Amino acid sequence: MDEMRIEFHEEMEALRSDVIRLGAMVCETVGRGTAALLDRDLHAAQLLIDGDDVIDDFCLGLEERCCQLLALQAPIAGDLRFILTTLRLLSELERSGDLMVNVCKASRRIYDIEFGPQLRGLIEHMGEEAAFLVRTAIDSYVDADTSLAAALDDIDDRLDELQTAYVQAIFTSHSVDNLNLQAAVQLAMIGRYYERIGDHAVNIGERVQYMVTGWLPDHPGATRPAAPITPSPGSDGDALGPGTDSGPDSGPAPGEAS
Amino acid sequence: MTGVAVLLGVLLVVAVGAAWYWRGVATAAGTAVAAVAESPPAGDAEGAGSDGERDDLLAERLRAVVDHLQWAVVIWDAEGQEIYRNRVARAMFEARDSQVLVAAAIEELRADALAGRSVRREVDVFGPPVGSFLVVARPFRVRSLDDPAAAGSAGAAGGAGAAQVDGAVAMVEDRTLQRRIETVRRDFVANISHELKTPIGAVGLLAETVIDEPDPAVVERLATRMIAETDRLGRTVDDLLELSSIEFGDDAEFEDVELAALVAEAEDRLGSAPAQAGIEIRRDVPAGVVIHGDRRQLVSALANLVDNAVKYSADGSEITVGATVAGAGEDDPEGTVLLSVADAGIGVPRRDLDRIFERFYRVDRARSRRTGGTGLGLAIVRHVAANHGGDVRVESTEGVGSVFTLVLPPRHSAPPGPPDGSDGGDER
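Residues numbered from 1 in each chain as written. Chains lettered and ligands numbered in written order. Predicted model: local features only at pLDDT ≥ 70, side-chain atom pairs only at ≥ 80, totals over all residues. Heavy atoms only, no water.

### Here we look at the overall build of chain B
Helix and strand content of chain B: 13 helices and 12 strands. Residues classed as buried in chain B amount to 44% of the 428 residues present. Restricting to contacts in chain B with at least 6 residues of sequence separation, those with at least 24 account for 68%. Of the roughly 21,700 Å² of accessible surface on chain B, 53% is carried by carbon and sulfur atoms. (Helix = DSSP H or I, 4+ residues; strand = E, 2+ residues; numbered from the N terminus. Buried < 20%, exposed > 50% of the residue type's maximum accessible area, 1.4 Å probe, protein only. Contact = heavy atoms within 4.5 Å. Areas by Shrake-Rupley, 256 points an atom, 1.4 Å probe, with all protein chains shown as cover.)

The following block contains the structure:
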């Protein structure tokens, strides 16, 4: 029995380091995708689009391992939350990778458009912020650091501000430098993709807080109306929560939608 | 016992192999390897300890040496169990950035190496920081477990095609710097031929056209173009000559130069170009700051920085030439002078930031034709800074602007390189 436990914990460690690897792959994708966009490098963009299959495949493999652990080891409490969080993390990271694929696809559509230094600077910044957020989210997960995980929401504000400035710059560019409408729309969507990567990192942060403390932080703000994940009902709380207290309030917080 | 011997044999191969590879580059490691290699006979002569103890000692020393290699080294036994991982490899496996991808490549090559194949894979990571790594994994055989020296050579010789192996070793070489140097060299050759050949080709073609041209108006236009092209070539050659003279520092005359006067002189050299573009140059230079340096070089460096700022700023914007003295105190009465040129221009893309000081490096070739620069300005600035024992730094955001800062340390830290005319005989 003890031996099985050791094996189980080794497998969890292996899972953890593979999530680090996945995180590094996604960060790498963010940097490469941004460079491909700024350099208008179609070849690099194509490589990245093809390379996303590797990330997806890797994710599927990890998911399979999570499921096996759940089925074979029937983990409880912290271990269970770790595996559940890892499952969620996988989809968030995988989606972040997909968003960079979207960026690359958009960059193919506007490869002949010259966009000004201000837009370029903002894109570069958004790319850096997005990669930083992903890396920080992974750090918070690996270190089970709730304060870092909670800080992700605030760090994401920087990316949101950048995106707002970026959209403004697109309007200016559209009216002053005659940036055509089609390119302007593509560029605006690119901004949105980066912003979404940040949101995924914030989601990871929330999940990490759940992993450590056993309850899910409230969903503030109008950006996420009516929490997409309903908190676990009381009956499951016994298995998931750290003790008798499974969370502040069960049921979605009312009056936050609009 | 077997485990120790295997580890020992492989460590020896790794250490000696790396020392041979580095010949002269990493003499420290080489010396250490030699020291370890020589030590067992010495131990024998003293008759101290059994074979086992000697092996343990040797393994420990080899481990220490391999631990200090700049290569990552990972060793597996025949079953694929990891038996050793050196310091660099440990850092790689524990990293959370792109380095883990290199670690992943090591793991992926393990199966091949254990199956008796020598395999290699190049891993380029985007970072940051950008890196380029070569991962090599190969099997090894231990001919005689009792004789570590023989085991070592067997491992080295037993390259590919070994049916049965006693384990495998993976090594990672960091090729980032090498890659960078290759790129710089290749770009330089391409760029210099472009910069020199384009105007020459243009003059040749224009002259050919002039020969058969009866219309005086066209002749005049062609001749004007020829003059423009020769001017361009002339400027490039002038800058090249200036760069090489600064590089060798042969006619440098070090003297005390008043900073404010220096800035004024640099502005004079630019003439009316800033005014024509409606660009205002603000001066924020404290009076009475004196730099010890070569006046001509410093003027040239500063003029180049301001010229750049003018070229890449929008019409009607502002450039600030500022100076601060940092760290002036008791033991350092002069302090380090920070001379900065700030603009609100188009800025430099991040990936080009560390390359713009290379000769003929262009961020945007199309634009450089219009602005008429030679592509040598920043290379000159860098050399002037180096001649004065200083440095040039740049901070830039695209669309926001750039700040170039010339860091000039106090005179006593100036390099001995340039002949110091004014201070003859004064040993400092």
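### Notes on the overall build of chain A
Helix and strand counts for chain A come out as 7 helices and 0 strands. Ordered by position from N to C terminus, the α and β elements of chain A give α-α-α-α-α-α-α. When the 258 residues of chain A are sorted by exposure, 47% land in the buried category. Summarising the internal contacts of chain A: among those between residues at least 6 apart in sequence, 81% fall at separations of at least 24.

### What about the interface of chain A and chain B?
Contacts between chain A and chain B engage 20 residues on the former and 20 residues on the latter. Contact between chain A and chain B buries roughly 1,800 Å² in total, counting both sides, with carbon and sulfur atoms accounting for 52%. Together, Arg-21, Glu-28 and Pro-117 of chain A form the three largest contributors to the area buried by chain A at its contact with chain B, with a combined 27%. Counting across the chain A and chain B interface gives 5 salt bridges. The partner of Glu-128 of chain A in a salt bridge is Arg-350 of chain B, and the shortest N-O contact between them spans 2.4 Å. For the side of chain A that touches chain B, the elements supplying multiple residues, two or more each, are helix 1 (2-39) and helix 4 (117-143) of chain A. The leading source of residues in the side of chain A that touches chain B is helix 4 of chain A, at 11 residues. (Buried area = accessible area lost by both parts, 1.4 Å probe. Salt bridge = Lys/Arg side-chain N within 4 Å of Asp/Glu carboxyl O.)

### Some details on the pattern of salt bridges
This structure, assessed with the given rule, holds 34 salt bridges over all chains. Here Arg-21 of chain A ties to Glu-108 of chain B by a salt bridge, and the two come within 2.7 Å at their closest N and O atoms. You can see Arg-21 of chain A sitting in helix 1 and its partner Glu-108 of chain B sitting in helix 5 (residues 99-114), one on each of two chains. Under the relative-accessibility criterion, Glu-108 of chain B is labelled partly exposed at 38%.

### Details of the sheet that holds strand 12 (residues 401-408) of chain B
Residue and element names in this part refer to chain B. The 5 strands lie next to each other as 7-9-10-12-11, forming an open sheet whose pairing is mixed. Edge positions in the open sheet fall to strand 7 (280-284) and strand 11 (391-397), since each of these has one partner strand only. For this sheet, the mean inter-axis angle between neighbouring strands, taken without regard to orientation, is 15 degrees. In this fold helix 11 (residues 295-311) packs onto strand 7, strand 9 (318-326), strand 10 (336-343) and strand 12, with an angle of close to 25 degrees to the strand it touches most, strand 10. (Pairing = 2+ DSSP bridges. Axes fitted to C-alpha atoms, helices over the stretch in contact; angles between N-to-C directions.)

### Points about the pairing of strand 3 (residues 119-125) of chain B
Residue and element names in this part refer to chain B. Note that strand 3 and strand 4 (residues 131-140) share 7 bridges and pair antiparallel. Opposite Asp-124, over in strand 4, you have Ser-132 as the bridge partner. Count of turn residues in the strand 3/strand 4 antiparallel hairpin: 5 residues, of which Gly-127 carries a positive phi of about 75 degrees.

### Structural notes on a nonpolar patch on the surface
On the surface, a nonpolar cluster with roughly 260 Å² of combined accessible area is contributed by Leu-181, Val-185 and Met-189 of chain A. Tracing the backbone shows Met-189 of chain A in helix 6 (residues 181-213). (Patch = residues over 30% accessible without salt bridge, like charges linked within 9 Å, V, L, I, M, F, W, Y side chains within 5 Å.)

### Concerning the pairing of strand 9 of chain B
Residue and element names in this part refer to chain B. Two elements, strand 7 and strand 9, share 5 bridges in a ladder whose sense is parallel. Residue pairing for strand 9: Ile-281 is matched across the bridge by Ile-319. Judged from the 8 bridges that link them, strand 9 and strand 10 form a sheet pairing that is antiparallel. Counterpart to Val-325 in the pairing with strand 10 is Val-337.

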